[in-house]
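As a plain string of letters, each chain reads:
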Amino acid sequence: MNVKNIVSIIMLCMLPALVFSQFKQVVVEEIDNEGKVPGKTYRIYAEMTNIKDQVYVIFGDSVHKLEIKSTKPFYQSKEGGALAKNSNRKAILENKFLKYDSWITIGAEDNYENNVNVLSVDLEEFENKGGAIVVKKDGAWFCIPTDKQAWCMTTKKMLLMQLTTEGEITGTFSIMGKSADGTAYTTNDVTFQCGKKIKK
């Protein structure tokens, strides 16, 4: 599929939805990284209403920002990349540092059947310096609705990112997909936080 077709699909997804969202909430789960990398490792999920609900675009625009940031740098393994698909499944099993790399995705945690792509999202600061992901105009990471990874299965959770840091994380994004019956939805300005220190 060429770039023109991909852009066309995303633009269709950005049309206003006519129904309420099948997205319920963000779920943050801490992963035990056994102290092998600095800080704590979190996985961020979109919890959906039904099995076979879909998520296929995470986006921001001039009205609804996309921002993922931490008060300390995100941990980045030299062997990984900014996308989960940059991490080879076999290499993850063999590399204790790669396993807890920071990345973004939709549905898939490594390179296996992972077709996630990025449109107008600069990931250089995130990958090379552990900095924030920020979209101030129009940008997205996405997969195609027919991709296996776009479908929510038995857990009703869709993996969106893994983040490792010693800092406090805050995030804002908007989400698009389809309900199990095939009706499109959009939910804007979803927020989450993790790693916040409890003041004594």
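Here the structure is shown first, and the text comes after it.
Quantities reported herein were computed from a predicted structural model and do not represent experimental measurements.

J.: Any details on the packing of aromatic side chains? Residues and values, ideally.
T.: Scanning the model with the defined rule gives two aromatic pairs in all. Aromatic pair phenylalanine 74 and phenylalanine 126: ring centres 5.5 Å apart, planes at 65°, arrangement edge-to-face. You can see phenylalanine 74 sitting in the loop between strand E4 (66-70) and helix H2 (89-94) and its partner phenylalanine 126 sitting in helix H3 (residues 124-129), a full 52 residues away along the chain. Ring centres of phenylalanine 173 and phenylalanine 192 lie 6.3 Å apart, and the angle between their planes is 55°; on these two criteria the pair is classed as tilted. Here phenylalanine 173, found in strand E10 (residues 169-178), pairs with phenylalanine 192, found in strand E11 (residues 184-194); they are 19 residues apart in sequence, far enough to count as distant. As far as the burial class goes, phenylalanine 173 and phenylalanine 192 line up, both buried. A cation over a ring is seen here: lysine 157 above tyrosine 45, with NZ or CZ 4.5 Å from the ring centre.

J.: Describe the sheet that holds strand E9 (residues 157-165), listing the residues and the values that go with them.
T.: The strand order across the open sheet built from four strands is E1-E2-E9-E5, with neighbouring strands paired in antiparallel fashion. Bordering the open sheet on either side are strand E1 (23-31) and strand E5 (103-104), each of which pairs with just one other strand. In this structure, E1 lies alongside strand E2 (residues 40-48), joined through eight bridges in antiparallel fashion. Residue valine 28 lies in a different strand from E2, and its bridge partner there is isoleucine 44.

Quick notes on the rules
- Residues numbered from 1 in each chain as written.
- Predicted model: local features only at pLDDT ≥ 70, side-chain atom pairs only at ≥ 80, totals over all residues.
- Heavy atoms only, no water.
- Phe/Tyr/Trp six-rings, centres within 6.5 Å; stacked < 30°, edge-to-face > 60°.
- Helix = DSSP H or I, 4+ residues; strand = E, 2+ residues; numbered from the N terminus.
- Buried < 20%, exposed > 50% of the residue type's maximum accessible area, 1.4 Å probe, protein only.
- Lys NZ or Arg CZ within 6 Å of the ring centre and 35° of its normal.
- Pairing = 2+ DSSP bridges.

Treat this as a map of the structure, not an account of what it does.
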